[in-house]
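Chain by chain, the residues run as shown.
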Amino acid sequence: MNITVFTSNQPRHLSLIQDLAKIADNVYAILEVNTVFPGQTEDFYKKTEVMKNYFSRVIESERKIFGNIDFLPSNVRPLAIKLSDLNKLSMEVLKPALNSDYYIVFGASYIKGDLIDFLVSKNAYNIHMGVSPYYRGNSCNFWASYDKNFQYVGATIHMLSKGLDSGNILFHALPSFEANPFDLGMKAVRSAHKNLIENIKTGKIHQFKKVKQNRDQELKYTKNIQFNDEIALEYLNSLPNESEIRISLEQLNLDEFINPQIF
């Protein structure tokens, strides 16, 4: 079995590739690279003291759940490119990765052109970090935490579509309880990975009914520009305690989710 994944280069992305390599003969990994020190190095996010402080917490939790960056297994064929360069590549360059059994998108930039047409035709899966349709756009689990809606911290595994995170849903992946909000967000990522891989491994992924997203349920749609120093500082100055998270999660109603799976 061959798997192609379009992803990035943070520990959580590399961990997904490593786990896929355990069930696949070959993994083709197209990595859109940015700094592994967000907040400290100017890149996708600005270099400021607030961002450095915020992302130090993110990095700490990410390393705790996924470990550090590491070399990839021998059955992985990586192609590293700069973030946002994906749509500039020709299909010929990507050709070795376009004959797989499964296609997965996780943390890649917005895909357009011939590539999105190809991936949609191949029934590619997208891992959206956020519980869609409730939270859509960028940094969804941050905004769910910011709103103290911890019951909506999770992930949506859905069919890739031309619209942003708008494809039909297969299932929601939710994290088990965690008192630290940064750890809770990273455990949501791990839940998405583990459940997707298990469903591919068992073949159950083909048995899920594809459920159309109901836009009337949307609580918030966010863009990257909305996550700034002011918002990050406000969040850091009012971090929720264990009791707040527990009370929010006690309001969890699994009937609100599509085929919910917790890890």
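What this report covers is the structure whose coordinates are included nearby. (Residues numbered from 1 in each chain as written. Predicted model: local features only at pLDDT ≥ 70, side-chain atom pairs only at ≥ 80, totals over all residues. Heavy atoms only, no water.)

### What about unusual backbone geometry?
Quick reminder of the rule: By the criteria applied, helices consist of DSSP H or I runs no shorter than four residues and strands consist of E runs no shorter than two, each listed in order from the N terminus.
Cis geometry is found at the peptide bond from Ser132 to Pro133, where omega equals 10°. Following the sequence through the fold, Pro133 ends up in the loop between β5 (125-128) and β6 (135-137). Backbone geometry places Ser139, a non-glycine residue, at a positive phi of 50°. For Ser139, the position within the fold is in the loop between β6 and α5 (140-146). Despite not being glycine, Lys148 shows a phi value in the positive range, around 60°. Note that Lys148 resides in the loop between α5 and β7 (155-159).

### Observations concerning the pairing of strand β8 (residues 169-174)
Our working definition: Using a 1.4 Å probe on the protein chains alone, a residue whose accessible area is under 20% of its type maximum counts as buried, one over 50% counts as exposed, and one in between counts as partly exposed. For two strands to count as paired, DSSP must find a minimum of two bridges between them.
Counting buried positions over the six residues of β8 gives six, a clear majority of the element. Judged from the four bridges that link them, β7 and β8 form a sheet pairing that is antiparallel. Bridge assignment links Thr156 to a residue of β8, and that residue is His172. As defined by bridge partners, β8 adjoins strand β10 (residues 261-262) across two bridges and the pair is classed as parallel. From the neighbouring strand, Ala173 faces β10, where its bridge partner is Gln261.

### As for the packing of helix α2 (residues 49-66) against helix α6 (residues 181-202)
We apply this condition: Only C-alpha atoms enter the line fits that serve as axes; for helices the fit covers just the stretch in contact. Angles between N-to-C directions range over 0 to 180 degrees. The labels follow the angle: roughly parallel below 35 degrees, roughly antiparallel above 145, roughly perpendicular from 65 to 115, and oblique for the rest. In a left-handed crossing the near helix is turned counterclockwise from the far helix by less than a right angle, and in a right-handed crossing that turn is clockwise. Any two residues whose heavy atoms approach within 4.5 Å are treated as being in contact. The residue classification treats Ala, Val, Leu, Ile, Met, Phe, Trp, Tyr, Cys and Pro as nonpolar and Asp, Glu, Lys and Arg as charged. All others, Gly included, are polar.
Following both chains from N to C, one finds α2 and α6 inclined at 45°, their axes separated by 9 Å at the closest point. Taken together, the axes of α2 and α6 lie oblique to each other. Like other packed secondary-structure pairs, α2 and α6 cross with a definite hand, here right-handed. In this structure, α2 contributes Tyr54, Arg57, Val58, Ser61, Glu62, Lys64, Ile65 and Phe66 to the contact, and α6 contributes Phe182, Asp183, Met186, Lys187, Val189, Arg190 and His193. Looking at the contact of α2 with α6 residue by residue, the class counts come to seven nonpolar, two polar and six charged.

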